[in-house]
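# Observations on chain architecture
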Number of protein chains: 4
Amino acid sequence: MPTRDEKNFDPNSLKGKTHEIIFEANTFWGKTFDVSLLILIVISIAVLMLESVDAYNILYYKYFYYIEWVLTILFSIEYAARLYAVKKPMKYATSFYGVIDLLAILPTYLEFFIVGTHFFMVLRVMRLLRIFRIFKLVQFLNERNTLAYSLRRSWPKISYFLFFLLLTVCVIGTLIYLIEGGNPSSSFENIPVSIYWAIVTLTTVGYGDITPITPLGQFLASAIMIMGYSIIAVPTGIISAEIARHKSGDDLEILVCQYCSEETHLPNAEFCHQCGHPL
Amino acid sequence: MPTRDEKNFDPNSLKGKTHEIIFEANTFWGKTFDVSLLILIVISIAVLMLESVDAYNILYYKYFYYIEWVLTILFSIEYAARLYAVKKPMKYATSFYGVIDLLAILPTYLEFFIVGTHFFMVLRVMRLLRIFRIFKLVQFLNERNTLAYSLRRSWPKISYFLFFLLLTVCVIGTLIYLIEGGNPSSSFENIPVSIYWAIVTLTTVGYGDITPITPLGQFLASAIMIMGYSIIAVPTGIISAEIARHKSGDDLEILVCQYCSEETHLPNAEFCHQCGHPL
Amino acid sequence: MPTRDEKNFDPNSLKGKTHEIIFEANTFWGKTFDVSLLILIVISIAVLMLESVDAYNILYYKYFYYIEWVLTILFSIEYAARLYAVKKPMKYATSFYGVIDLLAILPTYLEFFIVGTHFFMVLRVMRLLRIFRIFKLVQFLNERNTLAYSLRRSWPKISYFLFFLLLTVCVIGTLIYLIEGGNPSSSFENIPVSIYWAIVTLTTVGYGDITPITPLGQFLASAIMIMGYSIIAVPTGIISAEIARHKSGDDLEILVCQYCSEETHLPNAEFCHQCGHPL
Amino acid sequence: MPTRDEKNFDPNSLKGKTHEIIFEANTFWGKTFDVSLLILIVISIAVLMLESVDAYNILYYKYFYYIEWVLTILFSIEYAARLYAVKKPMKYATSFYGVIDLLAILPTYLEFFIVGTHFFMVLRVMRLLRIFRIFKLVQFLNERNTLAYSLRRSWPKISYFLFFLLLTVCVIGTLIYLIEGGNPSSSFENIPVSIYWAIVTLTTVGYGDITPITPLGQFLASAIMIMGYSIIAVPTGIISAEIARHKSGDDLEILVCQYCSEETHLPNAEFCHQCGHPL
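Residues numbered from 1 in each chain as written. Chains lettered and ligands numbered in written order. Predicted model: local features only at pLDDT ≥ 70, side-chain atom pairs only at ≥ 80, totals over all residues. Heavy atoms only, no water.

- Within an unreviewed UniProt entry, the label attached to chain A reads Ion transporter, and the organism entered is Profundicola chukchiensis.
- UniProt annotates chain A under Subcellular location (unreviewed entry) with the comment "Membrane". (UniProt positions renumbered as here; feature names shortened; annotations may be inferred.)

Take a look at the structure:
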């Protein structure tokens, strides 16, 4: 239980009870709290999305407004309870999830004072990040770790690859701008837009909002696409190799035979396959 | 023969004969039945598709109507025969393929009573699922199992990844809506549409029906695409590793312990890891 | 030298000489012949392509016409020489490359008689396939085999996967047609077009000529894209695993130690790593 | 330190000092020089990009002009210093980075004489390549090598694959031109454009600027996309396998034979495979 850094708490005190409900997930009330919080967050995000749809916002503006305030007050109570329940409130308040929790309630209060700004919407969507904490406690823990570990190990290679990609798209973007840019009906208006096009093409997204119209431009585009075809294989290859390595690693290296020190055993092995001694 | 859960049937009775023809594929009539059924399903789907093309529907409406009824009656007879031939009709009727078989005939009867509705079309397309049963009996069995096994094993990781992706596109969608949404000529009308755009972009589909037009929006889009470039590698990596692992699993299944029948051993094993006997 | 099924030929006869030049690539004249043929084929394809561009065709129609006839006569001479040089002309004429060689010269003669048809163009492009024969003799042989072997081994799994994909796009196409088809401004005019859209989306091509416009349609499209995101990983995983298996296979399984029968050695091993005896 | 091919230099002479600052990265001044150069290159590229945006170019043309000249003079001084500091100036001047360094300063001087040409822009973007040299000295060295090694080893297979792809798109392009080209409202105007479309489709970029409109054309396009779905897996598979192989190669390098210093052994080796001594 890596999230229990509070083992010398009195579990029967009010503080202890609150902590158990809010921060843990293996009691009935702890689970109920997590599920309720999850539902509230989902409602909150649903309201945020519907609010952005003009058709709904005109009709139900008031309801959205009230729901948002009720949710904000509930989240504020939760934030206060968290501050009360932890041993070191300051440490929690400055931790990653502490800041997220604060950002989850601040926007509504700020919108109250600073009317008419939409910038706070993006802060409200940050509430989604709180879902990660809930799931961290209940499920997926193992899957997350394997993936996270593989991604962390792949990161130096991937980042080098992305850096190389960035230089490549700059060169390609300038080239295509030279070829297509002179044409008055061309959408390659300037180099930054041409680089945007190069990225859209190399990643095989291909919106089609900007497309080459001269034969030479189409030829260059074809070359880039075929090149991108091989390039897309690189990050996949890196991550595949890393996941495969991690996989074969974590299942086999657990057991060591005490007689012959053979280290590689099948996960369900009960006897050493080299000397026959029980493990 | 895993599909023969009826071994204590009298194979010479009418029931037994019917069962053999309908449910099995290793006799001449069984094969003939399967092939005929396959052809009827394909005709049925072809009619469904042509019916939806206005140009054909105006000209050949009557033919489509008659073919559909003939097929429905044939499928009804087949359904009745299946109910008759199995030992436990209720168990069949409530099984996955039993429900599919019923759904394959219901739409036409329902359309007879409830005129003018097109909702039943989607039920008629469910007939395609019946093709799986036919092929399950004849071919591909091994391929299906390897793939199915690998996919089932990859599922926890993939589902965690998709959950993470869903949260990511919500955050990205809100961000791009904030950047592009204010622009009157923008297609980012609301957050749900922006999230749809984020999915279209991250999966590298890139329809181009919604594209960023402000420089900042194009910059964010570029960043998302390059990010998506690495992200697309993750499910591929997971499944590759799983298939590769399953493959090498095939290698492991060569040895069988003569004492405890354990089948999975490391390639260099000299002793059974379950009972400790020499291999 | 697998292409030499004519080893009891007299290499100094005219027939033998012709055979050596045309069918083999390790003599000076054999190489010259191959390179000349390659250049002629490339010119032929270039003419075919330029001919299709109206701007060039109007200006240079005559030149294209003459070049095409010169090339056809040269190819005819080559075809005659091949028929003359092989031991069993009928066997060559009915072989894969024999048919391709005939198809490479037929279109021009046929166009001479049947004026105004463009169908023969596609036959002229078949000349490209002849390039494969040239390269088969000189280079890439090993790369081709590894790839071909891996692809052949992956084929049952891939074909099962494609079959499954086909059923899936039919169901998806019908579903989206039901959702979007009713809308008068929708491009989902009928089920075949909707299936075309489903393929365009699942393969992440995403032209954008047909896009969902209702919220429900966009939601379904999003679900399909995210699904396709994992699905695209399957053929990659299958082929990766196959290539990886083939790779590690062909390097290691060559040597067998004659003393301890250990089979797995590094490619440059000179001593057995299990018993220390020289290999 | 592979870049020190000048070890018999007097490090305290002016030449030695200059060399140390410009070509090496492990002293304070060497690092400062590299970082300054990096900043100057990034400024230079930023100016190039902003210059191409009409809105900025009209307003700040003069500033861009002055910055460009200052940078060119600084780069010229650097080039002169490099020529002075190396032992064999001619060898440096004709080396890859020597040519790049010259191309980085030439455009501005040439634009001074040959007014009104934009062709030199693409030469100015070549300055980006100089960033590679800077990073080669400081970081990523290991990542680059693993990737470069894997890519070099994959190259024969990838190039064969790309060659095959090129022939395939020519055949597909001609086919679709035959099917769609007759239609007056079709965008498949000629074979080169149709091949461009085939590449856009097979690589799953899918701009949508050219799309089939006849049912037969859409059917062929669907077939190509599904084919491309499996084809895209091939380069990924090749590179994945290569990276995975290189990876497991890392594992082999743990053991070093004390007699012959052979470093590559199988994980379970007990004797050196080169000299036969026990490990």
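### Some details on the relation of the copies chain B and chain C
- Here chain B sits on chain C after a turn of 90° about the axis and a move of 0.0 Å along it, with an RMSD of 0.1 Å. Within this description, the copies of the chain are treated as partners about a four-fold rotation axis.
- Mapped onto chain C, only 15% of the interface residues of chain B again fall at the interface, so the copies present different surfaces. (Least-squares fit on C-alpha atoms with pLDDT ≥ 70 in both. Contact = heavy atoms within 4.5 Å.)

### Describing the packing of helix H3 (residues 54-85) of chain D against helix H5 (residues 96-113) of chain D
All names here are of chain D.
- Viewed as axis vectors pointing N to C, H3 and H5 meet at an angle of 140°, and their least axial separation amounts to 10 Å. Judged by the angle between their axes, H3 and H5 are oblique. As H3 packs across H5, the resulting crossing turns out to be left-handed. Contacts between H3 and H5 involve Tyr65, Glu68, Trp69, Thr72, Phe75, Ser76, Tyr79 and Arg82 from the former and Gly98, Asp101, Leu102, Ile105, Thr108, Tyr109 and Phe112 from the latter. (Axes fitted to C-alpha atoms, helices over the stretch in contact; angles between N-to-C directions. Helix = DSSP H or I, 4+ residues; strand = E, 2+ residues; numbered from the N terminus. Parallel < 35°, antiparallel > 145°, perpendicular 65-115°, else oblique. Left-handed = near helix turned anticlockwise from the far one by under 90°.)

### Digging into the interface of chain B and chain C
- Listed per partner, the contact involves 46 residues of chain B and 45 residues of chain C.
- For the pair chain B and chain C, the summed buried surface comes to about 4100 Å²; carbon and sulfur atoms form 76% of the total.
- Here chain B is connected to chain C by 3 residue pairs in polar contact (both at pLDDT 80 or more).
- Mapped by element, the contributors of at least two residues to the side of chain B that touches chain C are helix H2 (28-52), helix H6 (121-125), helix H7 (127-138), helix H8 (141-180), helix H9 (191-202), helix H10 (215-231) and helix H11 (233-252) of chain B.
- Residue classes in the side of chain B that touches chain C are distributed as 32 nonpolar, 9 polar and 5 charged. (Buried area = accessible area lost by both parts, 1.4 Å probe. Polar contact = N/O pair within 3.5 Å; in protein donor to acceptor, adjacent residues only side chain to side chain. Nonpolar A, V, L, I, M, F, W, Y, C, P; charged D, E, K, R; others polar.)

### Side note on empty space enclosed by the protein
- Per the counting criterion, the structure on display carries 4 cavities of 30 Å³ or more.
- What the largest cavity holds in volume is close to 160 Å³.
- If you go around the largest cavity, you meet 13 residues; those closest to its centre are A:Ile232, B:Ile232, C:Ile232, C:Thr236 and D:Ile232.
- Classifying every residue of the lining of the largest cavity gives 4 nonpolar, 9 polar and no charged. (1 Å grid on protein atoms, 1.4 Å probe; cavity = no way out; pocket = protein on both sides within 12 Å on 5 of 7 lines; lining within 4 Å. Points joined across faces, edges and corners; volume = space filled by probe spheres on them.)

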